Amino acid sequence: MPDEQYALEARGIVKIFGNHVALDAVDFGLRAGEVHALLGENGAGKSTLIKILTGAYQPDGGQVLADGAPIHLDNPQQAQTHGIGTVYQEVNLLPNRSVAENLFLGHQPTRFGLVDRRKMERESRGILRRYGLEIDPSSELGAYSVAVQQIVAIARAVELSGKVLILDEPTASLDRNEVERLFEIIRDLKARGLAVVFITHFLDQVFAVADRVTILRNGKLIETRALDAMSRTDVVRLMLGKDVAFSGATGVEDARPMGDVLLDYSQYGRKRSVHPFNLTIHKGEVIGVAGLLGSGRTEMARIMFGADAADEGEVSIAGTRTTIARPTDAIRHGFGFCPEDRKAEGIFGDLSVRENIIIALQGKLGWFSALNRDEQMEIAGRFGESMDIRAASLDMPIKLLSGGNQQKVILSRWLATDPAFLILDEPTRGIDVGAHAEIVRTINRLRDEGLALVVISSELDEVVAYSTRIVVMRDREMVAELNGENINPGVIVQAIANHRDEELA
Amino acid sequence: MSRSLRPLVATAVIFAIAYALAVMQFPSMFSTRVLGNFLTDNAFLGITAVGMTFVIISGGIDLSVGAVIGFTGVLVAVLIAWAGWHPLAAFALSLAVAASFGAGMGLAVHYLQVPAFIVTLAGMFLARGGASVITQDSVPVNHEFYDWISDLIIRLPGGGRLSFIGLLMVAVFIVGALVAHRTRFGSYVYALGGNPVSASLMGVPVARTTIGVYMVSSTLAALAGIVFSLYTSAGYPLAAVGVELDAISAVVIGGTLLTGGYGFVLGTFIGVMLLGLVQTYIIFDGSLSSWWTKIVIGALLFLFIVLQRLIFAASAQGEKAS
Ligand SMILES: Nc1ncnc2c1ncn2[C@@H]1O[C@H](COP(=O)(O)OP(=O)(O)OP(=O)(O)O)[C@@H](O)[C@H]1O
Ligand SMILES: [Mg+2]
C-alpha cells in the first residue's frame, strides 16, 4: 500500500544492544481507528519496539513518522505531546504518590500557577469510576494491589492518548471482569478514531479485540495481517516459526498412586490474611490453587513459605511437627517459592542472570561453601539451556532481559536448589506460548520426579492440565478441594462463583 | 493517616514534648525573646535545610552546602570590603555563581551518572578550596546596608525580636513548601525519588528536574551564606564547616526518608527547630559541654531512622495482608 497514511509508523527500525540485534529493520504501521496486536515470543523485541516508538529508546537505524511526517522523539514526554499514551510492560507508576497524581503527573490542572488538588482529585474520581474503581484518589498508590495499580496505569495512558494508545501486556494482572472493562474502553477509543497497540500473550484476548496483527520473531518482522483471515494456529506458527503441538491441556492421567505424605497443614492460617485451612500434600503431587485475584491465593503461598508467619495452626513435614516462620526455615526444609510480583520480590535487577540463578542454591549451601565461577557457569548454563532462557550472555544484568525470560530465570533459581516442595505463584504470567508449554511440561516432569508442587494460576485450562488436586480460594478462605472428575474448568468456576455468580463472566 | 504523614506527626509531638520539658525546667525558655532568637540563630541552617529537603526527596544528597555557605560569605565580603560593590550587587552575583555551580553538579549527576554523593563531595572541596584561595583570613564587612538590615526588626510583646533574617527563613520555608507540594516541579522531584525509571517513562523531564534540584540547593545555600554574612558581618573561608550534616540531620528528623520519595518541607522546619531547641537548652543549662548537642542530635537521628523503618515496615506488612 504505497500512499497509505499511518497515524504512527516505524520504518526500518534497527536497535542493537551490545552485539545483540534486538530489532532488525522492522516496519510497523498503525492506522487510526484500529486495534493492532503486536505478538511474538519472549525476547522477540516487542517492548523494545514500543520504547522506540515512544522515545524511551533511540533507534540505531530507521525512523518514526507521525501522520506521514518524520518525527524525532528524545524522551517519553515528547511522545505524550504527540498524543501517544503508553502503558509500559514494567512500569509500576509511582507507589509513593497519590493515585490522582499518578494519573495527572506532568499535566496537573493548575490555578494561579499552583496545582489545583481539588480539581485533580475530582477529575480522578470520575476517570476511575469508568474503570469501576471506587478508590480514594488522594491515597497513596502503593497501598493498592497490583491489579488496581495496573488499571491506574491504563487510565493514565488513556487520558494521555489523543491519537495513539499503546498497551504492553496490560492484562497480565487483571481478572476477567477487569479485562472485559478494558476491552470496552478500547473499543470505545477505537470508535473515536484512536489507534491502539495491544501486546499480550493471551491469544483469546487478541482474537477478542484486535483487527490486525504484527508478528515479530527474534527481532525480525515476520508478518502484518488482518486478523479475520487468520486462525489461532496460523498465529502461533508465525510466532514460533514452526508447528508446535500447542496444547497446555493434556489432561491428567488416571489417578496415580499417591506418594508419601510430605506436608500436613492443620488449621494453618494468619489473622486478617488467610483463614485457617487444612491441607495434606503428598510427594509427586501438584496442587492447583484457583480463585479470583485477592481471594487469598498469594497470601496462602506466603504463609506456606514463611514470607509471612502463620499465627495459628500447625504444620508437619513428613510427620514431624515444625515451625516455618521465616523463608530461611522454609529453604532449609527444601522449599522453593516463585512469587507473583517478580519485579518487586523476585529478581535482583543489577545482578547477572547467572547470579540470579545460583543465589538460592548459594543461600542453601551457606556462607562457607561458595560455588566457584565454573560451577556457577555450569549450573546457570544447564538451566539456561533447559529453560530456553534467551539472553545475550549469562553475565548480563537480569533487568535487561525481556519480562518472560526473567520469569524463566526465577523458576530456574528454585529448580537449581533441587527442592522437595515448590510453590509457584502465577508461573506462566507474561510468558509466550512456547515457554508456556515448556513450563507446563516442566511442572509435569517435576511431579513425575516426586516433587510436591503448589501452583497458583488464573488460567483455568492450565491448572486443570497439570493438577492432581485443586483447591479453590474465595474471600481468604479455602472453600473447596476438587479431585478426579471434578477437575474441570466448569466445576472450578462454580466453586469460585458460589454466592457471587453475578461477578463472574 | 497516610504513612508518609506519620514521621512528621512524630517529629511534631517530640518537639512539643521536648519543649514542654525544657520550659518546665527553665520557665524563661517560654518567651518571645527565646522564640525570636530561635528563628534568627537558625536562619542560615533552616534555609540550607529547605534546599537539602528537595535534594533528599529526589533521592540525592548534597554535601557541598556548607562549603557553598563559606564560599558565598567570603565572596560577598571581598566584593563589598575590597572591591567596593554595593551589597545587593554582591548578593546577586553570588546567588548567580551558586546557581551555576549547582547546575554543574546536577549535570554531572544526570549525564555522567556519577552518584550524587561523589559529585557533591567534589563540589564541597571545590567550593571550600575556592574560598580559601580568595583569602585565608576572616574579612570583616562594615557597610551601612548591613546595619540597616540588622535594624529591621519587629518587636514582639515580651521583649522578643523578629529579625529580618529570621523572617526570611520563614518565607523560604513557605515558598519551599508551596513549590514542593503544589507545583509540577515539586511533583517531579517526588517522582524522581520514588522511582527514576518509572518517572522517566511517565514523561518526567528527568534531566531538567535533577539539574533544577541541585540548583535550588546551591542557590539556597548561597542565600544562607548571605544570611550568615549578615549575621556575623564577616566572611571566613572555614565558616559553616559541617553544616551540610546538620542540614541532613534536620531533614531526616523532620520525617523525610533518606532514600527519597517521601517527605515534607514543614517537617524540616520542625527538625531545624528541634536542633535549635537542643542547642538553646544546653546554653541555658550552662554546665553541659556543648558537645552534648552532637550526642543528642545523634540519638535523635538514630531514633527517627528506627522510627521510619518501623512505620514503613509495618505498613508494608499491612498492605500484603489487605
Ligand atoms: N536495555 C537493554 N540492554 C540490553 N539488552 C536488552 C535491553 N532491553 C532489551 N534487551 C534485549 O532485547 C531483546 C528484546 O527484548 P524485549 O523486551 O523487547 O522483548 P519482548 O518481546 O518484549 O519480550 P516479553 O514478551 O518477554 O516481554 C531481549 O533479548 C532483551 O534481552
Ligand atoms: Mg516485553
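Remember, predicted model here, so these are calculated numbers, not experimental data.

What counts, and where the lines are drawn
Residues numbered from 1 in each chain as written. Chains lettered and ligands numbered in written order. Predicted model: local features only at pLDDT ≥ 70, side-chain atom pairs only at ≥ 80, totals over all residues. Heavy atoms only, no water. Contact = heavy atoms within 4.5 Å. Buried area = accessible area lost by both parts, 1.4 Å probe. Polar contact = N/O pair within 3.5 Å; in protein donor to acceptor, adjacent residues only side chain to side chain. Helix = DSSP H or I, 4+ residues; strand = E, 2+ residues; numbered from the N terminus. Nonpolar A, V, L, I, M, F, W, Y, C, P; charged D, E, K, R; others polar. Core = buried A, V, L, I, M, F, W, Y, C linked by side-chain atoms within 4.5 Å. Buried < 20%, exposed > 50% of the residue type's maximum accessible area, 1.4 Å probe, protein only. Salt bridge = Lys/Arg side-chain N within 4 Å of Asp/Glu carboxyl O. Donors = N, O, S within 2.8 Å, 3.2 Å for Na, K, Ca; no water. Domains from an automatic or database assignment. pLDDT = per-residue confidence, 0-100. 1 Å grid on protein atoms, 1.4 Å probe; cavity = no way out; pocket = protein on both sides within 12 Å on 5 of 7 lines; lining within 4 Å. Points joined across faces, edges and corners; volume = space filled by probe spheres on them.

## A closer look at the interface of chain B and chain A
Piece 1. Contacts between the two partners involve 30 residues from chain B, matched on the other side by 36 residues from chain A.
Piece 2. Taken together, both faces of the contact between chain B and chain A bury some 2,700 Å²; the carbon and sulfur share is 51%.
Piece 3. There are 10 residue pairs in polar contact (both at pLDDT 80 or more) connecting chain B and chain A.
Piece 4. Here the side of chain B that touches chain A takes 6 residues from helix H8 (residues 184–194) of chain B, the largest share from any one element.
Piece 5. Grouping the amino acids of the side of chain B that touches chain A by side-chain chemistry returns 11 nonpolar, 13 polar and 6 charged.

## Section: the nonpolar core
Piece 1. In terms of nonpolar packing, the biggest core is built from 90 residues, with B:Ile47, B:Ile69 and B:Tyr146 touching the most fellow members.
Piece 2. The dominant element in this core, judged by the number of residues it contributes, is helix H2 (residues 32–57) of chain B, at 14 residues.
Piece 3. With sequence-adjacent residues up to four places away left out, B:Ile69 is seen in contact with B:Phe44, B:Thr48, B:Ala221, B:Ala224, B:Gly225, B:Phe228, B:Ala240 and B:Val243.
Piece 4. Judged by nonpolar contacts, the second largest core, of 65 residues, contains A:Leu262, A:Ile358, A:Met387 and A:Leu446.

## Focus on the pattern of salt bridges
All names here are of chain A.
Piece 1. Scanning all chains against the criterion turns up 30 salt bridges over all chains.
Piece 2. The salt bridge involving Asp136 is made with Arg125; its shortest N-O contact spans 3.9 Å. Here Arg125 lies in helix H4 (residues 117–130) and Asp136 lies in the loop between H4 and helix H5 (146–160), a separation of 11 residues in the sequence.
Piece 3. Here Arg125 falls in the partly exposed class, since its relative accessible area comes to 37%.
Piece 4. Where Glu285 meets Arg469, a salt bridge forms, and the shortest distance between an N and an O atom there is 2.9 Å. A residue pair is termed long-range when its members are at least 10 positions apart, and Glu285 in strand E15 (residues 285–290) and Arg469 in strand E21 (residues 469–474) qualify at 184 residues. Of the two residues examined, Glu285 and Arg469, each falls in the buried class.

## Some thoughts on the coordination of the magnesium ion (ligand 2)
Residues and elements named next belong to chain A.
Piece 1. Coordination of the magnesium ion (ligand 2) by the protein is provided by Ser47 (OG) and Gln89 (OE1), with metal-donor distances spanning 1.9 to 2.0 Å. Placement of Ser47 in helix H1 (residues 46–53) and of Gln89 in the loop between strand E6 (84–87) and helix H3 (99–104) is noted, with a sequence separation of 42 residues between them.
Piece 2. A relative accessible area of 18% means that Ser47 is categorised as buried.
Piece 3. Gln89 gets classed as partly exposed once you look at its relative accessible area, which sits at 23%.

## Focus on the domain arrangement of chain A
Residues and elements named next belong to chain A.
Piece 1. Considered domain by domain, chain A is made up of domain 1 (8–240), domain 2 (245–334 + 419–505) and domain 3 (342–418).
Piece 2. Every contact between the two is made by 18 residues of domain 2 and, on the other side, 13 residues of domain 3.
Piece 3. For the domain 2 and domain 3 pair, buried surface summed over both sides reaches about 1,200 Å², with 69% attributable to carbon and sulfur atoms.
Piece 4. Summed over the shared surface of domain 2 and domain 3, the result is 0 salt bridges.
Piece 5. Taken together, the connections running from domain 2 to domain 3 amount to 0 residue pairs in polar contact (both at pLDDT 80 or more).
Piece 6. Among the secondary structure elements, those contributing two or more residues to the side of domain 2 that touches domain 3 are helix H9 (297–305), strand E19 (421–425) and helix H15 (433–448).
Piece 7. Looking at the side of domain 2 that touches domain 3 residue by residue, the class counts come to 11 nonpolar, 3 polar and 4 charged.

## Structural notes on the confidence of the model for chain A
Residue and element names in this part refer to chain A.
Piece 1. Considering every residue of chain A, the mean pLDDT works out to 84; 92% of them sit at 70 or more.
Piece 2. Overall, residues 244–254 carries pLDDT values under 50, and its contacts beyond four positions in sequence, including any with other chains, amount to 13 contacts.
Piece 3. Taken as a whole, residues 499–505 scores under 50 in pLDDT and shows 10 contacts with residues more than four places along the chain or in a different chain.

## Describing empty space enclosed by the protein
Residue and element names in this part refer to chain A.
Piece 1. In this structure the tally under the stated criterion is 5 cavities of 30 Å³ or more.
Piece 2. If you add up the space inside the largest cavity, you get close to 140 Å³.
Piece 3. Within the residue set of the lining of the largest cavity, elements represented by two or more residues are helix H2 (76–81), E6 and H5.
Piece 4. Of the residues contributing to the lining of the largest cavity, the split by class is 12 nonpolar, 4 polar and 1 charged.
Piece 5. In this structure, the second largest cavity spans a volume of roughly 60 Å³.
Piece 6. The wall of the second largest cavity is formed by Tyr131, Ile151, Ile154, Leu174, Glu178, Arg181 and Leu182.
Piece 7. For the lining of the second largest cavity, the secondary-structure elements that each account for two or more residues are H5 and helix H6 (176–191).
Piece 8. For the lining of the second largest cavity, the element with the most residues is H6, which contributes 3 residues.

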